Each structure stands twice: as structure tokens, then as C-alpha cells.
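Okay, here's what each chain looks like letter by letter:
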Amino acid sequence: MSSKRRRRRENPAHRRLPVGTAPGTLIADPTARATTLRVIAYGPQGCVDRSGTDPQAVRRYRDEWPNVWVDVVGLGDVDLIRGIGEQFGLHVLALEDVLNPHQRPKLEDFESYRFLVVRAVHGGESLRTEQLCLFLGDGYLVTFQEDAQDCFDPIRKRIAAREPGILGRGTDYLMYCILDAVVDAYFPPLEDLGERLDVVESHILTRPDEHTMAQVYGVKRELLTLRRAVWPLREAVNALIRDTSSLTSDGVRVYLRDCYDHIVRLMEIVELSREVCADLMDLYVSAVSNRLNEVMKVLTIIATVFIPLTFVTGIYGMNFNTERSPWNMPELDWPFGYLFALSLMMLIALLMVVFFWRRGWIGPQGESDTQHEEHP
């Protein structure tokens, strides 16, 4: 992923309500999507699908059909959301959580319904999560979504196709289908992150650079986003399984256990990927250190070779007058004194290179180790 790519960073501490606001105050985000309403009513006799239904007309569907799914997309219309809450008797504190889409996944039990908050993941260039709120009651399921990009089309198609497996069951099974779709949607982004980590690992082993490290940090940040969404979701689904509420049948709890297993798998993948990120960071540091050590070794060998050569040139650069004493630089009067000095420096350099080679400091490390083992 390019380092110039902009990512939407989620702030779990962000809260849109001003400090000191009375509990139960419903305030919509000015940037929130416009609210739309879609009602899907179904039963063994068939199904109907209506969009743009007024909240007051929902009561008629509840009277005529055994199961009603009210799907609310967008959180920009407070009056419409409040009207839906009045139709189903939803607590104002729960509606406040709906309008503040930075809640952690949780399950709350009210007198006549259950309130479940989960986070649906959206992949693409920038991985992000969206809050999804579900209200499960007797014969109805109300869902609130921030955006229209959901993974529920297969469920809607199953209802439209009048599949007996879903038309003959209650809204608790519909809640499971939605949860299962949300959980399964986590696997493709995790697979994509795993592939990105494989590519990063190959880059670190071949040519590590700062861009590679930025990719590791980007993957780690996205894994942290997934971790914040998956870990509390396990607790919420586990509470659905263990609770003995009449709103969830025993047959649906069997399916919820399968959903719980998928969540545990997600947690294992997320934690394993986080460990891989930590290992890649250590690998990057080791690769950079090894690369620096190789550079320093080459520079040290070059400097070491030239130290005695500099010593020789320093001696012959003193130019003591040979007329004053026969011991003063007699090489200055030799016909081959210059060639002697060059040959001496070449011999010293050659002997030092051979010494370095025999010690294994330069050349193939494996061959030198073998020689040291054979000739201790």
C-alpha cells in the first residue's frame, strides 16, 4: 500500500455530544447520511419489501405479518429515528447510543427487547468499521446502519426467494443471519492483510527501507481496528448463547455457537497477524543492522589496508638530507627507490587481504569456516 494513501483513522474516544448533555439527548452528526427506511415483512405465506415507509405505517405490517425487519440506513434524521423508537418502545438511552456510532460491541437486555451493538467491517483502500445496532423483539428486528454499504443482500435475496429455511423461522434467526454475515465479512480483509504481510516480509529480506516499515505500521494499525471490533463482539455473542431469554430460541443458539466459533477464529487470526507484525519489525531492525554491519566491515577493511600504506608514504615523505648522514633516507639515492616503495606498499596490502581472507572477514563465510574446522 502506498505511503501517500490517506487512511481514515477511527477515534474510539470521539463523542459528538457536548460535555454535560442530559442523558437521552438525541443529536445527529451534521455530516451523517440522510435517513432512509426499508421494511421487509415475511412469514410462511410470503414476504413484502417496501422502502421509504413512514414510521407510522410500520404498525400495520406488524399486525399483518409474523416477522418484520425494519432496516434504517443513515443517522441524519433525528425525528425519524425517534419515531421508529416510539413505534417499538425503544429506550431513549439506546437510541442515544445509535446516534453516537463509536460504541464498543455489547449486548443489553431490556424488558421486551434486546439491544445488540456490533461493528461491520468495510475493506478497500482504507479498512474501516461501521456501527450496526440491532433491536430484537417479539416478531420484529430493527437495524440501524451508518451507511448503505452492507453485506445483507444475500439475506434479502433469501427472503425474496421465499426460502423456507428463513421464512419459517422467527426474527431471532434473522438476527443470527445478520451476525453471521457481519462476522464472515471480516475474513476477506484479514486475508488481504496476511498477503500484504507476506509481500512486506519478502521486501525486508531483499531490500529493507523506510517505506517497507511504513507498510508494517499501516497493517498493524488496521489490525488494531479489527481487534477493537472483534474482542468485545465475542463477549456479546457469548451472552446471547448463555442467556435464557425467550426472544432467542434453543435452535438459534446452536447457530450462534457456530458464529461464536468463527469469532474465536477471527481473534486467533488477528492476534497471530499482530505477532507477525512484531516479528517483521524485529526482522527489519535486524536486516538494517546487518546491512549496516556489512557496510562498516567493508569500510573498516579499506581503512585498515590503507593505514600501513599511509605509514609507508609518511616515512618516505620526510625527505631527510642524505648528505648530512648516510642513515638519512638512503632510498632517495637508489635508482629503483620509487619502485621499491610502491612494491612494499603493494606487498603489505596483498598480505593483509590474504590475512583477512584466511580469517573469514572477507569472501565466502562458509568456505572460511570450513577451513578453520579442518585446520584449527
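Within any chain, residue numbers begin from 1 and follow the written order of that chain's sequence. With the structure being a predicted model, the display of local features is reserved for residues of pLDDT at least 70 and the display and counting of side-chain atom pairs for 80 or more, all residues being used for whole-chain, interface and lining totals. Only hydrogens and water are set aside when side-chain values are computed; all heavy atoms of the structure are taken into account.

Trainee: Can you lay out the overall build of the chain for me, pointing to particular residues and giving the numbers?
Mentor: Here a helix means four or more residues in a row that DSSP labels H or I, a strand means two or more in a row labelled E, and each is numbered from the N terminus. Helices and strands together make up the secondary structure of the chain, namely 11 helices and seven strands. Based on the C-alpha atoms only, the size of the chain along its principal axes is roughly 125 × 50 × 30 Å. For each residue, the accessible area found with a 1.4 Å probe, counting protein chains only, is set against the maximum for its type, and the residue is called buried under 20%, exposed over 50%, and partly exposed in between. The 376 residues of the chain split such that 42% are buried. In what follows, residue pairs with any heavy atoms lying within 4.5 Å of each other are defined as contacts. Partitioning the intrachain contacts of the chain with sequence separation of at least 6 by distance along the chain shows that 65% fall at a separation of at least 24. Separation between the mean location of the 42 positive side-chain charges and that of the 52 negative ones in the chain comes to 4 Å. Counted charges follow a simple rule, with Lys and Arg positive, Asp and Glu negative, and His plus the chain ends left uncounted. Think of each charge as sitting on NZ of Lys, CZ of Arg, CG of Asp or CD of Glu.

Trainee: Describe the environment of D184, naming the residues involved and giving the relevant values.
Mentor: Relative to the assigned elements, D184 resides in helix α6 (residues 171-184). Distance from D184 to L292, taken between C-alpha atoms, is 45 Å for residues 108 residues apart in sequence.

Trainee: Account for the nonpolar core, naming residues and giving values.
Mentor: Nonpolar cores are built from buried Ala, Val, Leu, Ile, Met, Phe, Trp, Tyr and Cys residues. Side-chain atoms within 4.5 Å join them into one set. Of all hydrophobic cores here, the largest spans 59 residues; its most connected members are W69, I155, I159, L174 and I178. Other than its neighbours up to four places away in sequence, I155 contacts W69, I166, L174, C177, I178 and A181. Counting residues in hydrophobic clusters, the runner-up holds 30 residues, among them V70, V98, L99 and F115.

Trainee: Tell me about unusual backbone geometry, and please be specific about residues and values.
Mentor: Even without being glycine, R162 reaches a positive phi, approximately 55°. Secondary-structure assignment places R162 in the loop between α4 (153-160) and α5 (164-167).

Trainee: Would you mind going over the packing of helix α8 (residues 210-242) against helix α9 (residues 250-316) in detail, with residue names and values included?
Mentor: Throughout, an axis means a line fitted to C-alpha atoms (over the contacting stretch in the case of helices), and angles, computed between N-to-C directions, take values from 0 to 180 degrees. One way to put it is that α8 packs onto α9 with a least axis distance of 8 Å and a crossing angle of 155°. Here α8 lies roughly antiparallel to α9, going by the angle between them. The way α8 lies across α9 gives a crossing that is left-handed. Note that Gly is not counted as nonpolar here; it falls among the polar residues with everything else outside the nonpolar set of Ala, Val, Leu, Ile, Met, Phe, Trp, Tyr, Cys and Pro and the charged set of Asp, Glu, Lys and Arg. Taken together, the residues that form the contact of α8 with α9 break down as 24 nonpolar, two polar and eight charged. Should an angle fall under 35 degrees it is called roughly parallel, over 145 degrees roughly antiparallel, and 65 to 115 degrees roughly perpendicular, with every other angle called oblique. Each crossing gets its handedness from the near helix: less than a right angle anticlockwise from the far helix is left-handed, clockwise is right-handed.

Trainee: Explain the environment of A148 to me, using residue names and the numbers behind them.
Mentor: Structurally, A148 is set in the loop between β7 (140-145) and α4. Here A148 falls in the partly exposed class, since its relative accessible area comes to 39%. Considering only alpha carbons, one finds A148 and V305, 157 residues apart in sequence, at a separation of 70 Å.

Trainee: Quick one: what's the story with the pairing of β7, residue by residue and with numbers?
Mentor: In terms of burial, β7 is a largely internal element, six of the six residues being buried. Residue alternation in β7 divides its side chains into two sets, Y140, V142 and F144 and L141, T143 and Q145, and both sets are buried. For two strands to count as paired, DSSP must find a minimum of two bridges between them. For strand β3 (residues 67-73) and β7, the ladder comprises six bridges, and the chain directions are parallel. Bridging from a neighbouring strand, W69 pairs with L141 of β7.

Trainee: Can you lay out the pattern of salt bridges for me, pointing to particular residues and giving the numbers?
Mentor: Only one rule defines a salt bridge in this text: a Lys or Arg side-chain nitrogen within 4 Å of an Asp or Glu carboxyl oxygen. Tallied over the full model, the rule gives 16 salt bridges. Note that D97 and K106 form a salt bridge whose closest N and O atoms lie 2.8 Å from each other. On the basis of relative accessibility, which here comes to 19%, the residue K106 falls in the buried class. The closest approach of N and O atoms between R156 and D153, which form a salt bridge, is 2.9 Å. Of this pair, R156 and D153 both sit in helix α4, three residues apart, which is roughly one turn of that helix. Under the relative-accessibility criterion, R156 is labelled buried at 9%.

Trainee: Tell me about the packing of α6 against α9, and please be specific about residues and values.
Mentor: Where α6 meets α9, the closest approach of the two axes is 10 Å, and the angle between their N-to-C directions is 15°. In this view, α6 runs roughly parallel relative to α9, as classed from their interaxial angle. Seen from above, α6 lies across α9 with left-handed handedness. Between α6, through D172, Y173, Y176, L179, D180, V183 and D184, and α9, the contact on the second element is made entirely by V252, Y255, L256, D258, C259, H262, I263 and L266.

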